[in-house]
Amino acid sequence: MRAAWRVAQVRAAEEALMKTLPGGALMQRAAAGLARRCAASLRQVYGSSVLLLVGPGNNGGDALFAGARLARRGARVRALLLDPDRVHREGLADLRNAGGSVVRDVPSATDLVVDGILGIGGRGGLREPAAGRVAEVSGALRGAPVIAVDVPSGVDADTGAVTGMAVHADVTVTFGALKPGLLVGAGAVHSGLVELVDIGLAPYFDGDPALYVPEVDDIAAWWPRPVADDNKYSRGVIGIATGSDRYPGAAVLSVAGALAGPAGLVRYAGTAIEQVRFHHPPAIPTDRVADAGRVQAWACGSGLGGDERAYTEVRTVLGAPVPAVLDADALTLLVDARMADWLRDRDAPTVVTPHDGEFQRLAGGAPGDDRIGAAVHLAERMASVVLLKGDRTIIATPDGRVFVNPTGTPALATGGTGDVLTGLLGSLLAAGLPAEHAAAAAAFVHGLAGRLAAEGGPVTAADVATHLRPAIRSLWST
C-alpha cells in the first residue's frame, strides 16, 4: 500500500537526509529522475525542444538542473525565468554551461514544457506575472505535453485545493513521497499521471502518513475467499434494506451488488419483493427488517424514501448489533436528531457513504477544498467510517486514518451506481472485513467495474453491476 505524506513531514525528512549527504546531492537526485522522465516523454532527446518555466527557489533549481542534463544530450533547452532576481543561481549556471539558454518570450513551438514555477510550499493559485505567463504558454503551445516538477504550480500539495489559476500537467514527477494533493480533489485532475522518484526519504519520515492508497495486491489480500469447509452461512449473511414502491430499482441494484460480493447469502427486506424475486432468485425476500432473520451485516437506505416506514426500518437496522452501511435516504434520515442518537449509541461498526450533497446535510457544510480534512472531521463526529464519493473517493476512519481510491472513473457518475456500491460494501462487511477495509475494497472493485463497463460505451448502473464479477476475478490473478 502506498502512502502520501504532508508537506511538513516531507520537509522534515529532507532536512534529516541532507545532513548525511554532500551539499546539493539531494537536488541532483531529483533532477536526475526528472530528466529521465522528460527524456522518456520525447520521441528523441537529441534535437528536441524543451521549455522550462522556472520559478524561484529549489523547484526552479530542479527544473534547471534537469534541463542541463537534457541539453548535454543534445536537446535545445530554453528557460523562461518568472522571477529572475530569485532564480536558483547554480542551476542556471549549469544550464548555460550545458548549452541551454534563457528566453524572454514564449517560443512558437516546443516539444515539451516543464513546470518548475512553484513547489510543495506553494499556497493559493498562481499570481501575476506567473499566471499570465502560464496562460500565454497554454495558448501558444497548445498540445505540447506538460511535466510538473513535484506538484503542479497552483495546487495545494496537502489538500489538492485549486483556488485560482493552476498548471494542468500531463505528468507530475514528485520526489521522495507522494503528496495528498496529487491524489484527491482538483489537484488529482491537474496532476495527470503521477510518477514517484525515490530520493532516499523513506527512512526519515516521522509519524503517520496523511493517507494511504490501496493497490491491487492489498485488495486481493483483504478480499474474503471461500475455504473448503465453508457453507453459505459461514461465508456471511447480508441483509439489504433498500428500495420502495417508488424506487424499486434501488433494491434490484443493491441486491446485485451484494450477490457479486463474498457473502454466502443475501436477505432482502423491503417493499420491492416482486422485482427482487424476479431479477435475483437467490435472494431471500421479506417485507420488513424485523422479519428478515439473522444477518451478519446490513446495507440500508438506497431508494428507501423518507416516510415513517423508512424511519422505522433505518432505526431497526441501527439497533441491530452488526455492522451496517448507510446510504442515500438513510443518510437524510440521520440528519433527524432522533436518528442521530441511535447512531451514537451503536457498538457495531457503521459506514456512511455520502456524495457531496449528502455530506453537506450531514456535516452542515460542503466538503470544500480540503476533502481529506472534511471526511476525517465527519468520521470523528459520527464515530463512523465515512466513504466520501467523488472522482477520487475518500475513506476516513474515526481514528484519523484515510484511504483514497485510485480506480475511480467519471463513468460512475450516473444514477444507481451508488446503490450497487452499497450492496457490495455490505457483502464485504457480512463476510467479516473490518469496516475501513470493506469500504476501500468495495470502492476499488466498484471503480474497476466502472472502467470495464465504460470500455463498451455509455454506462448504466446495471452495466456496473454486471461487471463486478469480472473485476473481482481480476484480483485472483494477483
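Computed from a prediction, not measured in an experiment: that's the story for all the values here.

1. Examining the overall build of the chain
Here is step 1 of the chain: Looking only at helices and strands, the chain features 18 helices and 18 strands.
Here is step 2 of the chain: On C-alpha atoms alone, the chain measures out to a radius of gyration of 25 Å, which is about the 23 Å that the 2.2 N^0.38 rule sets for 478 residues.
Here is step 3 of the chain: Projecting the C-alpha coordinates of the chain onto the three principal axes gives extents of approximately 80 × 45 × 40 Å.
Here is step 4 of the chain: Residues classed as buried in the chain amount to 57% of the 478 residues present.
Here is step 5 of the chain: Within the chain, contacts between residues separated by at least 24 positions form 71% of all contacts whose residues are at least 6 apart in sequence.
Here is step 6 of the chain: If you sum the accessible surface of the chain, you get close to 19500 Å²; carbon and sulfur atoms cover 50% of it.
Here is step 7 of the chain: The distance from the centre of the 44 positive side-chain charges to the centre of the 49 negative ones in the chain is 5 Å.

2. Some points on the packing of helix H13 (residues 356–363) against helix H14 (residues 371–382)
Here is step 1 of the chain: Two elements in contact, H13 and H14, have axes whose closest approach is 11 Å; the angle formed by their N-to-C orientations is 50°. Compared by their axis directions, H13 and H14 come out oblique. The interaxial crossing formed by H13 with H14 has left-handed handedness. When H13 is examined against H14, the residues Asp356, Phe359, Leu362 and Ala363 are found in contact with a partner set consisting of Arg371, Ala374, Ala375, Leu378, Arg381 and Met382.
Here is step 2 of the chain: Looking at the contact of H13 with H14 residue by residue, the classes come out as seven nonpolar, no polar and three charged.

3. Quick notes on helix H3 (residues 57–72)
Here is step 1 of the chain: Given a rise of 1.5 Å per residue, 16 residues ought to cover 22 Å, and the 23 Å separating the end C-alpha atoms of H3 matches this to within 8%.
Here is step 2 of the chain: Counting buried residues in H3 gives twelve out of 16 residues, a clear majority hidden from the surface.
Here is step 3 of the chain: Those residues of H3 lying buried are Asn59, Gly60, Gly61, Asp62, Ala63, Leu64, Phe65, Ala66, Gly67, Ala68, Leu70 and Ala71.

4. Details of the pairing of strand E8 (residues 193–197)
Here is step 1 of the chain: Across five bridges, strand E7 (residues 171–175) lies against E8 in parallel orientation. Bridge assignment links Phe175 to a residue of E8, and that residue is Val197.
Here is step 2 of the chain: Viewed along the sheet, the connection from E7 through helix H6 (residues 185–191) into E8 turns out right-handed.

5. Looking at unusual backbone geometry
Most peptide bonds adopt trans geometry, and most residues besides glycine take a negative phi value.
Here is step 1 of the chain: The residue after Glu128, namely Pro129, is reached through a cis peptide bond having omega 5°.
Here is step 2 of the chain: Within the secondary structure layout, Pro129 lies in the loop between strand E5 (112–116) and helix H5 (130–140).
Here is step 3 of the chain: Residue Ala328 is not a glycine yet carries a positive backbone phi of 50°.
Here is step 4 of the chain: Judged by its relative accessible area of 15%, Ala328 falls in the buried class.
Here is step 5 of the chain: One non-glycine residue, Ala383, lies in the positive phi region at around 55°.
Here is step 6 of the chain: Within the element layout of this structure, Ala383 appears in the loop between H14 and strand E16 (385–388).
Here is step 7 of the chain: A relative accessible area of 54% means that Ala383 is categorised as exposed.

6. Some points on the packing of aromatic side chains
Here is step 1 of the chain: The final tally for this structure, using the stated rule, is three aromatic pairs.
Here is step 2 of the chain: Both rings, one in Tyr212 and one in Phe403, keep their centres 5.9 Å apart while their planes meet at 35°; by these two values the pair is tilted. With a gap of 191 residues between them, Tyr212 in strand E9 (residues 211–213) and Phe403 in strand E18 (residues 402–404) connect regions that are remote in the sequence.
Here is step 3 of the chain: Relative accessible area serves as the criterion here: at 3%, Phe403 is assigned to the buried category.
Here is step 4 of the chain: Taken together, a centroid distance of 6.4 Å and an interplanar angle of 90° make the contact between Trp222 and Phe403 edge-to-face. Of the two residues, Trp222 sits in helix H7 (residues 216–222) while Phe403 sits in strand E18, which places them 181 residues apart along the sequence.
Here is step 5 of the chain: You can call Trp222 buried: its relative accessible area is 15%.
Here is step 6 of the chain: Through a chain of ring-to-ring contacts, three or more aromatic side chains come together here, namely Tyr212, Trp222 and Phe403.

7. Digging into the pattern of salt bridges
Oppositely charged side chains are able to pair whenever their charged atoms sit close together.
Here is step 1 of the chain: By the definition in use, this model includes 17 salt bridges.
Here is step 2 of the chain: Close ionic contact of Asp94 with Arg72 constitutes a salt bridge, the shortest N to O distance being 2.6 Å. Of this pair, Asp94 sits in helix H4 (residues 89–97) while Arg72 sits in helix H3, and the two are 22 residues apart along the sequence.
Here is step 3 of the chain: Notably, a salt bridge pairs Glu313 with Arg309, separated by 4.0 Å at the nearest N-O pair. Placement of both Glu313 and Arg309 in helix H10 (residues 308–319) is noted, with a separation of four residues, approximately one turn of the helix.
Here is step 4 of the chain: Residue classification places Glu313 among the buried residues on the basis of a relative accessible area of 5%.
Here is step 5 of the chain: Classification of Arg309 as partly exposed rests on a relative accessible area of 31%.
Here is step 6 of the chain: Ionic contacts of the salt-bridge type, sharing partners, join the residues Arg123, Asp156 and Asp158 into one network.

8. A word on the packing of helix H15 (residues 417–430) against helix H16 (residues 435–454)
Here is step 1 of the chain: Where H15 contacts H16, the axes come no closer than 9 Å and their chain directions differ by 140°. On the basis of their axis angle, the class for H15 and H16 is oblique. Considering the relative orientation of H15 and H16, their crossing is right-handed. Facing Thr417, Val420, Leu421, Leu424, Leu425, Leu428 and Leu429 of H15, the residues of H16 in contact are Ala435, Ala438, Ala439, Ala441, Ala442, Ala443, Val445 and His446.

What counts and how
- Residues numbered from 1 in each chain as written.
- Predicted model: local features only at pLDDT ≥ 70, side-chain atom pairs only at ≥ 80, totals over all residues.
- Heavy atoms only, no water.
- Helix = DSSP H or I, 4+ residues; strand = E, 2+ residues; numbered from the N terminus.
- Rg over C-alpha atoms; globule rule 2.2 N^0.38 Å.
- Buried < 20%, exposed > 50% of the residue type's maximum accessible area, 1.4 Å probe, protein only.
- Contact = heavy atoms within 4.5 Å.
- Areas by Shrake-Rupley, 256 points an atom, 1.4 Å probe, with all protein chains shown as cover.
- Lys, Arg positive; Asp, Glu negative; His and termini not counted.
- Charge placed at Lys NZ, Arg CZ, Asp CG, Glu CD.
- Axes fitted to C-alpha atoms, helices over the stretch in contact; angles between N-to-C directions.
- Parallel < 35°, antiparallel > 145°, perpendicular 65-115°, else oblique.
- Left-handed = near helix turned anticlockwise from the far one by under 90°.
- Nonpolar A, V, L, I, M, F, W, Y, C, P; charged D, E, K, R; others polar.
- Expected span 1.5 Å × (residues − 1).
- Pairing = 2+ DSSP bridges.
- Right-handed = clockwise from strand over helix to strand, strands pointing away.
- Phe/Tyr/Trp six-rings, centres within 6.5 Å; stacked < 30°, edge-to-face > 60°.
- Salt bridge = Lys/Arg side-chain N within 4 Å of Asp/Glu carboxyl O.

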